[in-house]
Amino acid sequence: DVPYSILASAYAKAGMDSESEAIFKRMEACDIKPSIEFFNTLLSAYIGSPYLEKVDRVIYLAEKYGCRFTLATYTLVMEVYTKAKQPQVAEKILEEMKRSGVRPDAITYGVLIDGYCKTHNLAEAERVFRIMLNEQQEPETSTYNSLLHGYASKGMKGEAERLFNLMQSLCCKPNVVTYNTLISMYSRIRKYNQATQLYTTMQAAECKPDAITFKLLHRAYILSENHLEASKIIIDMKNAGFRF
RNA sequence: UACGUCUUGAG
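Heads up: these notes are all about the structure in this document. Source: prediction; values computed, not measured.

**Considerations on helix α8 (residues 122-134)**
Phase 1: When the terminal C-alpha atoms of α8 are compared, their 18 Å separation across 13 residues agrees well with the 18 Å that a helix rising 1.5 Å per residue should span.
Phase 2: Listed as buried for α8 are Leu 122, Ala 125, Glu 126, Val 128, Phe 129 and Met 132. Projected onto a plane normal to the axis of α8, the buried residues spread over an arc of 160° and lie on a single side. Along α8, exposed side chains directed more than 90 degrees from the buried face belong to Ala 123 and Asn 134.
Phase 3: Residues of α8 that are buried in the fold lie against α6 (87-99), α7 (106-118), α9 (141-153) and α10 (157-169).

**Points about the nonpolar core**
Phase 1: In this structure, Phe 38, Phe 39, Met 78, Ile 113 and Leu 182 are the most contacted members of the largest nonpolar core, which totals 73 residues.
Phase 2: Top element by residues in this core is α7. It accounts for seven residues.
Phase 3: Leave out the neighbours within four places in its chain, and Phe 39 touches Phe 24, Pro 34, Val 58, Leu 61, Ala 62, Tyr 65 and Cys 67.

**Looking at unusual backbone geometry**
Phase 1: Backbone geometry at Asp 31 places phi at a positive 65°, although glycine is not the residue there.
Phase 2: Tracing the sequence through the fold places Asp 31 in the loop between α2 (17-29) and α3 (36-45).
Phase 3: The backbone of Gln 136 sits at a positive phi, close to 65°, despite the residue not being glycine.

**Side note on the protein's contact with RNA strand B**
Phase 1: Near RNA strand B you find 31 residues, and of these Glu 37, Asn 40, Ser 142, Asn 145 and Asn 180 are the closest.
Phase 2: Within 4 Å of the protein, atoms of RNA strand B come from sugar and phosphate in 50% of cases.
Phase 3: Take His 149: an N or O atom from its side chain is 3.0 Å from a phosphate oxygen of RNA strand B.
Phase 4: At the level of secondary structure, the elements contributing two or more residues to the surface near RNA strand B comprise α1 (2-13), α3, α5 (71-83), α7, α9, α11 (176-188) and α13 (211-223).
Phase 5: The dominant element in the surface near RNA strand B, judged by the number of residues it contributes, is α5, at six residues.
Phase 6: Among the residues forming the surface near RNA strand B, the class breakdown is nine nonpolar, twelve polar and ten charged.

**So, the pattern of salt bridges**
Phase 1: Here the structure, examined in full by the defined rule, presents nine salt bridges.
Phase 2: In this structure, the salt-bridge partner of Asp 114 is Lys 118, at a minimum N-O distance of 3.0 Å. With a gap of four residues between them, Asp 114 and Lys 118 both fall in helix α7, about one helical turn apart.
Phase 3: On the basis of relative accessibility, which here comes to 15%, the residue Asp 114 falls in the buried class.
Phase 4: Accessibility expressed as a relative area gives 39% for Lys 118, which makes it partly exposed.
Phase 5: Of the charged contacts, one joins Glu 159 and Arg 162 as a salt bridge, the two residues approaching to 2.8 Å between their closest N and O atoms. Here Arg 162 and Glu 159 lie together in helix α10, a separation of three residues that amounts to about one turn.
Phase 6: Residue class for Glu 159 comes out partly exposed when judged on its relative accessible area of 28%.
Phase 7: Since its relative accessible area comes to 35%, Arg 162 is described here as partly exposed.
Phase 8: Linked through salt bridges whose partners overlap, the residues forming this network are Glu 91, Glu 124 and Arg 127.

**Considering the packing of α5 against α7**
Phase 1: Between α5 and α7, whose axes approach to 9 Å, the crossing angle comes to 5°. In terms of orientation, α5 and α7 fall into the roughly parallel class. Residues Leu 71, Thr 75, Met 78, Glu 79, Thr 82 and Lys 83 of α5 pack against Ile 107, Thr 108, Val 111, Leu 112, Asp 114 and Gly 115 of α7.
Phase 2: For the contact of α5 with α7, the per-class residue count stands at five nonpolar, four polar and three charged.

Cut-off values and rules
- Residues numbered from 1 in each chain as written.
- Chains lettered and ligands numbered in written order.
- Predicted model: local features only at pLDDT ≥ 70, side-chain atom pairs only at ≥ 80, totals over all residues.
- Heavy atoms only, no water.
- Helix = DSSP H or I, 4+ residues; strand = E, 2+ residues; numbered from the N terminus.
- Expected span 1.5 Å × (residues − 1).
- Buried < 20%, exposed > 50% of the residue type's maximum accessible area, 1.4 Å probe, protein only.
- Arc of directions from axis to C-beta.
- Contact = heavy atoms within 4.5 Å.
- Core = buried A, V, L, I, M, F, W, Y, C linked by side-chain atoms within 4.5 Å.
- Near = heavy atom within 4 Å.
- Polar contact = N/O pair within 3.5 Å; in protein donor to acceptor, adjacent residues only side chain to side chain.
- Nonpolar A, V, L, I, M, F, W, Y, C, P; charged D, E, K, R; others polar.
- Salt bridge = Lys/Arg side-chain N within 4 Å of Asp/Glu carboxyl O.
- Axes fitted to C-alpha atoms, helices over the stretch in contact; angles between N-to-C directions.
- Parallel < 35°, antiparallel > 145°, perpendicular 65-115°, else oblique.

Okay, here's the thing in structure tokens:
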């Protein structure tokens, strides 16, 4: 089933879930037993799709084929629901996975936390964050990024700064997404100096800016009417191999 | 050994 899974994965990544399903039908016809990884691949195709019933169908089929759900399976199903703005349903699945003896990891909790952040339930996000700490799971950089973005989108600068300090005190290294999130926040609240200062901070931390960083920095300088610095950003951007 | 998480903007 491996070649079929790789094929289905390619289609799923391209957002072509109907092709993935066609592959499943061919596998059935050839009497090939799909692995759990194959079903995981199908699940990933339904992330962001409005057809949540299809997820139940995949779960039903996986059970029918006697596949044992893995950590990735549960995490994917949870992500389907968080991306559909239903983090409460995702949390039910988290409880179900615990009952069936599969231990959630940092990514699993990260998915749920992101789901609460995206629905503006920051108190719930913090609650889950504390649960994961109690369970000795180290939050990933991306999890801090989710929380930072949650606070940033509400303009809660103080909370965002608290998290940025917290992550570093817990030895979690900020990445380019972390800096981009903060630059975007400072720009939105018109703190252009703080936004652009992060360019220096990230370089000192040996974090490479990406295309988004340059775009955000450029905009911050334009909005603060500092056209000289804005043009310097364009130069840096080109030197870093990005095109304008 | 194939499978799971984060940021800009457009829409």
